[in-house]
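# Architecture at a glance
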Protein chains: 2
Amino acid sequence: MTSVAEILKGDRLAISRLLTEIENGTSEGKRTLNELFPHTGKAHIVGITGAPGTGKSTLVNRLAYEYRHPSRDRPPLSVAVVAVDPTSPFSGGAVLGDRIRMRDVAGDPGVFIRSMASRGSLGGLAQTTAGLVQVFDAAGFEVILVETVGAGQAEVDIVDLAHTTLVLEAPGMGDDVQTIKAGILEIADILVVNKFDRPGAKNTLRFLKNMLRQFDPEERYELHHGQRSPFPDLPITESEKNKPGWDPPILTTIATSGEGVSELVERITNHRNFLLSSKRWSLKEERRIKREMDTMLQRELLIKWRDSTSSTLYQRTLKKLVKREISPQRAVQFLLEGDQ
Amino acid sequence: MTSVAEILKGDRLAISRLLTEIENGTSEGKRTLNELFPHTGKAHIVGITGAPGTGKSTLVNRLAYEYRHPSRDRPPLSVAVVAVDPTSPFSGGAVLGDRIRMRDVAGDPGVFIRSMASRGSLGGLAQTTAGLVQVFDAAGFEVILVETVGAGQAEVDIVDLAHTTLVLEAPGMGDDVQTIKAGILEIADILVVNKFDRPGAKNTLRFLKNMLRQFDPEERYELHHGQRSPFPDLPITESEKNKPGWDPPILTTIATSGEGVSELVERITNHRNFLLSSKRWSLKEERRIKREMDTMLQRELLIKWRDSTSSTLYQRTLKKLVKREISPQRAVQFLLEGDQ
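### Quick notes on the overall build of chain A
- Secondary structure assignment for chain A yields 13 helices and 7 strands.
- Counting the 340 residues in chain A, one finds 46% classified as buried.

Written out as structure tokens, the structure reads:
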């Protein structure tokens, strides 16, 4: 039994236990998350995404260190790190073993690091990540860094979850149009060219600047999320639209030496202030919570339906469908209305 | 109006129009898909996945050419290509413009190529891809090559859809554990080291062989698919389990010159024969259809619920949730049972 009170006062063992419960999808974990919910909504959630080899882990390490030991005039903040590795959807990352990471901040009680592996279940990864973030938020961590690899859906998910999304690029990854991913530029609140001491770094920077010029930053807040939601998101009001937007800056870093990291934290903080002052914070918050609610709703509808349906009807319908005796549409009709 | 008869006799203009309908998610497209369903199930669906820069497009081009002009004693087969680009979840790939591809097979009526971009909607990409494949299947294409980039979920989806999954790797992409993705090895029916003329190619090959040794091939048929399904998949029977399995081979190719491509097609065909003779074909087929049915069912349940619920209740509940006056669980309870 995980005590909510222990989590709220930041007990590391209790947090650790709860994170495991959530990763395993236990009902105990879900119950506790539910109880923690009123205590969430304070942390600044920062997503860090980029292709393998861009140096995400090293940069996240440095960011955590910079938050703990500010080189400028900033108060130190407590930091939690959630490292998601969807490159390993099936093995759960066990093949590679746990990465050695975060040496610089090890032993610091103001830092908590959790590596998790994708479990390969549809929607499960995003949901579990959101759960872990919620625990850290309730436990009082001020900044939560969510590191994720991936292309496509993983980025959409991080935009949902994070207040501020960093997209990492690195020179020498093959600077062709195929490698520099067009889509993920649009989700970046801040673009980072890491490994800036590498050959070709300035070309990468120039290339990104050109690509970025093609996007209307406003569109990045108008992402569509398909059929997951029964009712559409609230649109941005006209008066909101006319307020000055956020122009994603491109920063350069050398994470191994720490160069540019202090400036990066400065910009992340600026973005947070921009969100708060422009009401984008609450807008993002609202949409995120809406999506969570929609996902839960869908699951509950399915459970409710299953509990009222015989497995025989389901299997019989499936068999007819596999034999192509009925169409998929007819099959679903059978399932919802019974096979008369 | 797209005519089912036109599709069935392979009319290219009709096919093209229907593909667009499906990409746009029109009800006309859905209706036609439904009517085409009895005519599907004949094509060999081959998924090709791998990180950006592994040379997927070039290899797919070569594969199509080899199917059309066999260099060994094989009959030529008609080929459809579905190229999915989830690296561009938002822009729909428009930034890069249409890639110039498939020069070698242009003008051949036995080849049909469709590039599609992810629309950024959850689950939408997989579903649309499945729809396009179904059209080509009904139109009589014998082999359907589905090319997809990505990490994580994209691979899970391709396993669902394809009979045979090729995973591409390339040397010189940074042969560290982070770049060679552990997870996608497990979904490979055939592993391909492309760009085998590049420096370090033999190291990559050795590395992959070592990694592959750690997997039980049988497990690759026991993937879990999370909470999408109300009823679990049928398990593989004991007698099935005792039959000899498929040991994923590692092949090497140089797609730019075509080296190794004929051998690769040979192995893909072997895998098809293995699936057919071991009943894996019908097992895969059944699971895929089941997943499609489950997805449709979920959507229909949500639509049914929405039509019976007032938008006011939804918005009121959301507002309470955003203010953290109620927990997510309580919110869903309100939505399902009404707010008394």
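Moving on, there is more to tell.
### Structural notes on unusual backbone geometry
Residue and element names in this part refer to chain A.
- The residue Lys-279 is not glycine, and still its phi comes out positive at about 70 degrees.
- Secondary-structure assignment places Lys-279 in the loop between α10 (261-277) and α11 (280-307).
- For Lys-279, a count of 14 C-beta atoms within 10 Å translates into the label partly exposed.

### As for the pairing of strand β4 (residues 143-148) of chain A
All names here are of chain A.
- For β4, the tally of buried residues reaches 6 of 6 residues, placing the bulk of the element in the interior.
- Burial along β4 is two-sided: Val-143, Leu-145 and Glu-147 facing one way and Ile-144, Val-146 and Thr-148 facing the other are all buried.
- By the bridge criterion, 6 bridges tie strand β1 (residues 44-50) to β4 in an arrangement that is parallel. By the bridge assignment, Ile-45 is partnered in β4 with Ile-144.

### Some thoughts on the environment of Arg-316 of chain B
- Within the element layout of this structure, Arg-316 of chain B appears in helix α12 (residues 311-322).
- Placed 175 residues apart in sequence, Arg-316 of chain B and Phe-141 of chain B show a C-alpha to C-alpha distance of 51 Å.

### Some points on α10 of chain A
Residues and elements named next belong to chain A.
- Taking 1.5 Å per residue, 17 residues should reach 24 Å; α10 reaches 24 Å between its end C-alpha atoms and fits that length.
- Those residues of α10 not exposed but buried are Val-261, Leu-264, Val-265, Ile-268, His-271 and Leu-275. Down the axis of α10, the sector holding all buried residues measures 115 degrees, keeping them to one side. Facing away from the buried surface of α10 by more than 90 degrees, the exposed residues are Asn-273 and Ser-277.
- The inward-facing, buried residues of α10 abut β1, α4 (56-68), β5 (164-169), β6 (190-193), β7 (250-252) and α11.
- Looking at the residues trailing α10, positive phi occurs at Lys-279, about 70 degrees.

### Some thoughts on the environment of Ala-201 of chain A
Residue and element names in this part refer to chain A.
- With respect to the helices and strands, the residue Ala-201 is situated in helix α8 (residues 201-212).
- The spatial distance from the C-alpha of Ala-201 to the C-alpha of Glu-169 is 9.8 Å, given a sequence separation of 32 residues.
- Setting aside residues up to four positions removed in sequence, Ala-201 forms contacts with Pro-171, Val-193 and Phe-196.

### Description of the packing of helix α2 (residues 12-23) of chain A against helix α3 (residues 27-36) of chain A
Residue and element names in this part refer to chain A.
- One way to put it is that α2 packs onto α3 with a least axis distance of 7 Å and a crossing angle of 115 degrees. Helix-helix and strand crossings are classified by hand; for α2 and α3 the assignment is left-handed. For the pair α2 and α3, the contacting residues are Leu-18, Glu-21 and Ile-22 in the first and Glu-28, Gly-29, Thr-32 and Leu-33 in the second.
- Looking at side-chain class alone, the contact of α2 with α3 contains 3 nonpolar, 2 polar and 2 charged residues.

### A word on the packing of helix α4 (residues 56-68) of chain B against helix α10 (residues 261-277) of chain B
All names here are of chain B.
- It is the contact of α4 with α10, at a shortest axis distance of 10 Å, that shows an interaxial angle of 75 degrees. The orientation of α4 with respect to α10, classified from their angle, is roughly perpendicular. Taken together, the residues of α10 that come into contact with α4 (itself represented by Arg-62, Leu-63, Glu-66 and Tyr-67) are Val-261, Ser-262 and Val-265.

### Brief notes about α4 of chain B
Residues and elements named next belong to chain B.
- Taking 1.5 Å of rise per residue, 13 residues should cover 18 Å, and α4 covers 18 Å from first to last C-alpha, within 8% of that figure.
- Buried residues dominate α4, accounting for 11 of its 13 residues.
- The complete set of buried residues in α4 reads Lys-56, Ser-57, Leu-59, Val-60, Asn-61, Arg-62, Leu-63, Ala-64, Tyr-65, Glu-66 and Tyr-67.

### Things to note about the confidence of the model for chain A
Residues and elements named next belong to chain A.
- Summary statistics for chain A give a mean pLDDT of 80 and a share of 74% for residues scoring 70 or more.
- When the criterion is pLDDT under 50, residues 174-180 qualifies, and its contacts beyond four places in sequence or with other chains add up to 15 contacts.
- Across the whole predicted complex the pTM is 0.71, and at the interface the ipTM reaches 0.74.

### Description of the pairing of strand β1 (residues 44-50) of chain B
Residues and elements named next belong to chain B.
- Within β1, 7 of the 7 residues are buried, leaving the element largely enclosed by the surrounding structure.
- Bridge count for β1 against strand β5 (residues 164-169) is 5 bridges, and the pairing is parallel. Paired with Gly-50 across the strands is Leu-168, a residue of β5.

### A word on the environment of Arg-17 of chain A
Residue and element names in this part refer to chain A.
- Within the element layout of this structure, Arg-17 appears in helix α2.
- Taking the C-beta count within 10 Å as the criterion, Arg-17 has 19 such neighbours and is therefore assigned partly exposed.
- A sequence separation of 264 residues divides Arg-17 from Trp-281, and the C-alpha atoms of the two residues are 30 Å apart.

Analysis parameters
- Residues numbered from 1 in each chain as written.
- Chains lettered and ligands numbered in written order.
- Predicted model: local features only at pLDDT ≥ 70, side-chain atom pairs only at ≥ 80, totals over all residues.
- Helix = DSSP H or I, 4+ residues; strand = E, 2+ residues; numbered from the N terminus.
- Buried ≥ 20, exposed ≤ 12 C-beta atoms within 10 Å, placed from the backbone.
- Pairing = 2+ DSSP bridges.
- Expected span 1.5 Å × (residues − 1).
- Arc of directions from axis to C-beta.
- Contact = placed C-beta atoms within 7 Å.
- Axes fitted to C-alpha atoms, helices over the stretch in contact; angles between N-to-C directions.
- Left-handed = near helix turned anticlockwise from the far one by under 90°.
- Nonpolar A, V, L, I, M, F, W, Y, C, P; charged D, E, K, R; others polar.
- Parallel < 35°, antiparallel > 145°, perpendicular 65-115°, else oblique.
- pLDDT = per-residue confidence, 0-100.

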